[in-house]
Amino acid sequence: MRHILVAVALALVTGCASSSPVGTIRFQPEAPVWRVEDKVPLAATPKKRDFYRLFTKVDFVFARRGTRAMELRKAKRVEDINSIDEVPDSTWFTNRIGMRDLTLDELKRGPNVSPSPFDHRPWTITGMKVGGMSLGFTFEDALKRKFLLKFDMAPFPEAETAAHIIVHRLVWAAGYNVPEDYLGYIRREDLKLGDKARKKGVDEAKLDAALKLVYHRDDGSIRAMASLFISGAPLGPYAREGVRGDDPNDKIPHERRRSVRGQYPLFAWVDHVDMKEDNTFDSFKDGYVTHYLIDFGKALGVMSMTDHDKAAGNRFAFEFGEAFSNLFTLGLRARSWEGRTLTGMRGIGMFDTEHYRPDGYHSMNPYWPLRDKDRFDAFWGAKIVMRFKPHEIAAIVDEGQLTDPVSRQYMIDTLLKRQRMTGRYWFDRVAPLDLFAVDQAGDKARLCFTDLSLSYMLTEAPTMYAINTYDHGGNATSFATSLRNGEKGRTCADVPLAAGAHDYTIVRLRVQRENRELPPVIVHVARDQGGHLNVVGLRRR
Amino acid sequence: MRLVLIFALVLAAGPAMAQPVVTANEPPSPQEPVAEEPPDLPAPLPKAAPPDKASGIAVADEQSDNERLRTVGRGLLFLPKLVFWAAVQPIRGTVYVYERYDLRNRFVDATFTDDRKFGVYPVAGYESAYGFTVGARVLYKDIFDEGERIALRANYGGEFRYALGIGGNTGKRFGRVRIDADSSIERRTREKFYGIGNDHKEIATPLEMPIDPTVTDVALQSRFSQDVMRNVVGVKVRFTDELTTRLSGAWMTREFGGSDKDDITVRYDTSKLIGFDDGLNNIYVDNEVAYDSRRPSTQYATQTIDGTGWLVRAHGGIGRGLKDDPTSYIRYGGEVQRYFDLYRGTRTLALRVLADAVAGTDGRTDGKISFVDLPRLGGSEFLRGYTSGRFRDRVVVLATAEYTWPLMHNASAFTFFDVGEPLYSFDELTKDTDRIRFGYGIGIQVHTRNTFLMRTQIAMSREGNFSFNLVFSPAFGRRDRVGRF
């Protein structure tokens, strides 16, 4: 009788097993997976995916937007994560900064492993495209490699190329695939008109007229950004939702990929407002498809500057709800981004901290994966953002070759401030505990973890951790333990191992600081086949 | 009772029974930015798995009740979603075909020369008062590379039975001086006439006897047709970016007749309407001086809508008949517009007063001015809320206040209040408040950064009549006045 009463009391204190505070999810007693096999050779080259910009726009402006709203979509968690809420290496994402040692040279170089085209001139122009506020060429360098060539438009010297290169390096270091992009200076005589371009109607006069639109230095040299064509067969952009039907390796709908949804804090940080389907790229090489991100020239506030749109990055171009609200409020409601201004610094777009809201980022048009992101995806992305150290950010900014030291310092400072704002915001939406490790400590397990808010010094508040343990069935195995944070945010707790197969033990951790408790993180610990204790699973609430 | 006791004991003993691992340490340094040393990192393991098997989940989380409710809602919305999706397919299909087959470029390739200077292309439009118009244009632009252009045009339907015209200008050829010329013939079959004067009771059905519009201002809804031949020549001189003058002359011949619907000849005694029976053959010479500093007040708003500045304009002209046409009048007037930037160039208030008057004629019986040349009020621009040509008399005055605010990227809303009065002379102005006409309403305008696309507005008149307009130019447009009527 006494045992029954104690069990009832324990259940009342810790919650019933059937609606256990640790849920019903259980993990295999194995170490986490850090690489997925999505390079299984395909029998045939997948079809190139045609992309129609206007057609797609109709869909995301109202057609698909409407049906998605009526689907009452469940806020589904991502499917491309491993058991500890991380993204394994794949053709989409490679764990880089903070997960393996990246030298400063690597960070500065990014994916660029080929010889620079600036060392292999002259360049033979093969095509030209003139837009309203953009100009692009294709060319072959002296080594016969194909590149895309971009410039800064004359009114905005250094801005677009610097933004592209800085964000390009950051995105690569964060873990994404990007083309090899180079920045440098050329002279008019470095450009030769090729037969391909002539056949397309480009002549010397048109080339000269086009080049008049772009920024030249006083010595007549032209600042240029050359992007090496991605090797392999081009397959077009990857879809914003669903999978590529003819790629058996593409098993997870793209809107349920942490590697895509988790881009939100990263893109918010660098104001990459031009995130859209046509700035993604699939390439088929060596029998499998690799997924790329391209074109970052409108980031870092450049879109707002060149397109004269203060709202860029702060709301969608077509925001019917806001339009409806504005209609009836007669414009009396001021919008936060309306106060954005240019700094007047050379090469700096409308990029600041005063108007930055880490959760207020919008690409120009809805991009479903970013729309579907949840606070867990954002936490993952924010962790990556926070891994860049100040000297690393400075080194990457230097790759943007901003010639005015004031601009350079402003860019570094702004990135650092926005980085911390990003971390502070998203680390406050979940229990920011990470880097779990478990070891045997006598008959107990010593579970260590890092509180990222403390380790990054985003808060000074004293922190308490409440710990409960459960067995595989979800039954409480101990009473709540409370402990204070350790040094540099690293804290260890000895927890009793539950009886049962693999000593499967579930630890529920709650973070208490500043008179509030963050949602818990639930850590699953078990012995693998070799008898070693591992953190086999992790679920944030 | 024992249960409660045990429970209380458990609660009380909980913290004491635990073995806290309390690490007393100093609070972290508040210095910014982050410390250089990163936290300890786990070494990624080489283990690999299929992409959809990496989660390591053995047993999934249960579905919550909340999710079951969502499933019910999803079921209820299944049919509406299907209907919506079916409804948008024609739009999607059209856009797909347009883009897939590159129709725009194919169209331009087919209708314009390679240098894009010369082309023939169809046009179509819609005006709520008149319906659909279709037509074609032949355009030769940038003829000598200084923006010179010449265009032939043909329209059918809508406002016109048909219209043919040719026009052109010298572009930047002569620097600050631009010469333009335009000739056209038009047959308009649905012109509106509501008498002369200021009667506010609009009558839709004919009276027993046709009314003499020169002795009564009864506003009977009627329509007439006119065949117009118009030749206009103008010289515009731009002294500064703001200050311009335009000297222009128009020679016009006009023949009038009845209409299939609401025939004017049944409703009004058209023998009393100057020029109706005999037609008109006259010239009008006009000079206008304008100071126009209106402009967008920020580069971060559409450049198609002004946000600040002034327009001060005055005009004076003489109309004279040719051959047997007794036309002889003087026309004069002016306009002042002022734009106020209320907030960051995106909330603007525009105020406008204008007057247009004729002199040297009684406007009714002396034969010196035809009813079609009298100043008018009504339509989508001048005294909104009333139909086009609703009022005409020797003098018209109008005041407008319009407030514009942004809705979203390429759209803004505006609300307006127009107050106006058709008068016999300026002496009558505001003597009788019952004679003041006003309209108010709201609208939405769609634009890109550099192109004004359309304006749609709903207006209500003092008498409670509604009007709806779909217009392809801003409310306070910059059209040349001569030949406008």
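Note that the structure is predicted; figures quoted are calculated from it, not measured.

### Describing the sheet that holds strand S13 (residues 444-451) of chain A
All names here are of chain A. Pairing is antiparallel across the open sheet formed by 3 strands, whose spatial order is S12-S13-S16. Pairing within the sheet leaves two strands with one partner each, and these edge strands are strand S12 (433-441) and strand S16 (490-496). Averaged over neighbouring strand pairs, the angle between their axes works out to 25° when direction is ignored. Here S13 runs beside S16; their pairing, made up of 7 bridges, is antiparallel. The partner of Phe 449 across the bridge, within S16, is Thr 491.

### What to know about the pairing of S12(A)
In regular strands, side chains alternate between the two faces of the sheet. Residues and elements named next belong to chain A. Looking at chain direction, S12 and S13 are connected through 7 bridges and run antiparallel. Following the sheet pairing, Val 438 is matched in S13 by Leu 447. Count of turn residues in the S12/S13 antiparallel hairpin: 2 residues, of which Gly 442 carries a positive phi of about 70°.

### A few points about the packing of helix H2 (residues 53-70) of chain A against helix H3 (residues 78-100) of chain B
Any two packed helices are characterised by how steeply their axes cross, that is the angle between the axes, and by the distance between the axes. It is at 10 Å that the axes of H2(A) and H3(B) come closest, and there the two elements cross at 175°. In this view, H2(A) runs roughly antiparallel relative to H3(B), as classed from their interaxial angle. Here Leu54(A), Phe55(A), Val58(A), Ala63(A), Gly66(A), Thr67(A) and Met70(A) of H2(A) lie close against H3(B), whose contacting residues are Pro80(B), Lys81(B), Phe84(B), Trp85(B), Val88(B), Ile91(B), Arg92(B), Val95(B), Tyr96(B) and Glu99(B).

### Brief notes about the domain arrangement of chain B
Residue and element names in this part refer to chain B. By domain assignment, chain B separates into domain 1 (106-165) and domain 2 (176-471). Computed from C-alpha coordinates alone, the two centres of domain 1 and domain 2 are separated by 25 Å. On the side of domain 2, 14 residues touch domain 1, which itself brings 12 residues to the contact. Elements represented by at least two residues in the side of domain 1 that touches domain 2 include exactly strand S3 (118-127) and strand S6 (160-169). For the side of domain 1 that touches domain 2, the element with the most residues is S6, which contributes 6 residues. Here the residues of the side of domain 1 that touches domain 2 are counted per class, giving 7 nonpolar, 2 polar and 3 charged.

### Quick look at the sheet that holds strand S11 (residues 288-293) of chain A
Residues and elements named next belong to chain A. Read across the open sheet, the 3 strands follow the order S9-S10-S11; overall the sheet is antiparallel. Of all strands in the sheet, those bounded by a partner on one side alone are strand S9 (233-234) and S11. Relative to S11, strand S10 (residues 280-285) runs antiparallel, the two sharing 6 bridges. Looking at the pairing, Thr 280 lines up with Leu 293 of S11.

Conventions adopted
Residues numbered from 1 in each chain as written. Chains lettered and ligands numbered in written order. Predicted model: local features only at pLDDT ≥ 70, side-chain atom pairs only at ≥ 80, totals over all residues. Pairing = 2+ DSSP bridges. Helix = DSSP H or I, 4+ residues; strand = E, 2+ residues; numbered from the N terminus. Axes fitted to C-alpha atoms, helices over the stretch in contact; angles between N-to-C directions. Parallel < 35°, antiparallel > 145°, perpendicular 65-115°, else oblique. Contact = placed C-beta atoms within 7 Å. Domains from an automatic or database assignment. Nonpolar A, V, L, I, M, F, W, Y, C, P; charged D, E, K, R; others polar.

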